[in-house]
Amino acid sequence: MCDIKKPCLFLAFLAVVFLLTVSCRGTEAGGKGASEAQESDKLEIPNPVFFGKMKPYLREGYTVSLVARGQSMLPTIHDNTDVVTLQMSPSYQEGDVVLAELPGEHYVLHRIVDIQGDSVTIKGDHNKSVEHTVMSRILARMTKLERDGALLEPPAVNPSFSPSSAFRIARRYHLSADGDRLLMVDTVARHIDMHQMMMMNESARLVLDSLRGADAFGVSDMVRVLTAAYEVDDSTAYNDCTQLLGNWVSYGLAERVGE
């Protein structure tokens, strides 16, 4: 249950990694004490070394699974908890979480936020700054995300949006509310899809009601609604609203202006 003082907006899907090191565990023979053995069975492999070794295998089509490290992709991926699976893809698009090589042989698992020809802009979901690379240095896409042995559903890797992106609530839908449930009624196709029933808490519902009927809005508008109503900092509000908008788009509830 979300505390409305600290709202967790609609299906707060978890986010990840600024890959710094990779932890590997093994066993070591010998008569060491328990505490000493516990320290020695953890091997830290530097980022450039690990992914430098993995690069040719990824190029050959191998899949690679590893425990995510770092905070830059929160709340999508959790540090030292989530297991991500990576695999090369024939093409990449905005919204993909990818393993990219940056200058200085440094590798990050961040989300593609813009593609202009061969130039690719990526960003950690939790970061304010972006990084730039080229398509040839995109090594793999995250194809699977697991937490505590459970496979997370696809909405957990929905695309994030820049503050300049403009959206509107899809006008073809009539929204029928039943408690915390939101049923989407397609007034054009005259169809009700029971699979499209969403759960939406009080704070997310407030944001939706405030934007309904607007010709255009962006993440920044959502953040203003949230911070005016609740005691939440701008950074948390931005991350929550980005995830919320991603879910609205995936359900067809929100659409980009001009599409």
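Residues numbered from 1 in each chain as written. Predicted model: local features only at pLDDT ≥ 70, side-chain atom pairs only at ≥ 80, totals over all residues. Heavy atoms only, no water.

S.K.: Mind showing me how you'd approach the overall build of the protein here?
M.R.: A tally of helices and strands in the protein yields five helices and 16 strands. By the burial criterion, 40% of the 259 residues in the protein qualify as buried. Here the contacts in the protein between residues at least 6 apart in sequence split such that 61% fall between residues at least 24 apart. Surface exposure of the protein reaches about 13,600 Å², of which carbon and sulfur atoms provide 52%. (Helix = DSSP H or I, 4+ residues; strand = E, 2+ residues; numbered from the N terminus. Buried < 20%, exposed > 50% of the residue type's maximum accessible area, 1.4 Å probe, protein only. Contact = heavy atoms within 4.5 Å. Areas by Shrake-Rupley, 256 points an atom, 1.4 Å probe, with all protein chains shown as cover.)

S.K.: Sorry if this is basic, but what is going on with the nonpolar core here?
M.R.: In a soluble, globular protein the nonpolar side chains are often hidden away together inside. Counting residues in hydrophobic clusters, the biggest one holds 22 residues, and the most contacted among them are Val207, Phe217, Met222, Leu226, Leu245 and Trp248. Secondary structure elements with two or more residues in this core: strand E11 (167-169), helix H3 (202-211), helix H4 (219-229) and helix H5 (234-251). Those residues in contact with Val207 that lie beyond four places of it in its chain are Met222, Val225, Leu226, Leu244 and Trp248. Counting residues in hydrophobic clusters, the runner-up holds 20 residues, among them Val64, Met73, Leu86 and Leu139. (Core = buried A, V, L, I, M, F, W, Y, C linked by side-chain atoms within 4.5 Å.)

S.K.: Mind showing me how you'd approach the packing of H3 against H4 here?
M.R.: For any two helices packed against each other, one specifies the inter-axial angle together with the distance between the axes. Where H3 contacts H4, the two axes come as close as 10 Å, and the packing angle between them is 125°. As far as their axial angle goes, H4 and H3 are oblique. At the point where H3 passes H4, the crossing takes the right-handed sense. Side by side, H3 and H4 meet where Ser203, Leu206, Val207, Ser210 and Leu211 of the first sit next to Asp221, Met222, Val225, Leu226 and Ala229 of the second. Residue composition of the contact of H3 with H4, by class: seven nonpolar, two polar and one charged. (Axes fitted to C-alpha atoms, helices over the stretch in contact; angles between N-to-C directions. Parallel < 35°, antiparallel > 145°, perpendicular 65-115°, else oblique. Left-handed = near helix turned anticlockwise from the far one by under 90°. Nonpolar A, V, L, I, M, F, W, Y, C, P; charged D, E, K, R; others polar.)

S.K.: I would appreciate a short explanation of the side chain of Arg69 in the present structure.
M.R.: In this structure, Arg69 sits in the loop between strand E3 (64-67) and strand E4 (83-87). For Arg69, the side chain forms a polar contact with the side chain of Asp79, separated by 3.4 Å. (Polar contact = N/O pair within 3.5 Å; in protein donor to acceptor, adjacent residues only side chain to side chain.)

S.K.: What is the right way to read the packing of aromatic side chains from this model?
M.R.: To describe a pair of aromatic rings, you give the distance between the ring centres and the angle between the ring planes. For the structure on display, the rule yields three aromatic pairs. Relative to Tyr107, the ring of Phe51 lies with its centre 5.7 Å away and its plane at 35°, an arrangement referred to as tilted. One end of the pair, Phe51, is in helix H2 (residues 47-59); the other, Tyr107, is in strand E6 (residues 106-116), with 56 residues separating them in the sequence. Of the residues examined, Phe51 reaches a relative accessible area of 2% and is grouped as buried. Centre to centre, the rings of Tyr57 and Tyr62 are 5.3 Å apart; their planes meet at 80°, and the pair counts as edge-to-face. On the accessibility criterion, Tyr62 (45% relative accessible area) is partly exposed. Of the aromatic side chains, those joined through ring pairs into one cluster are Phe50, Phe51 and Tyr107. (Phe/Tyr/Trp six-rings, centres within 6.5 Å; stacked < 30°, edge-to-face > 60°.)

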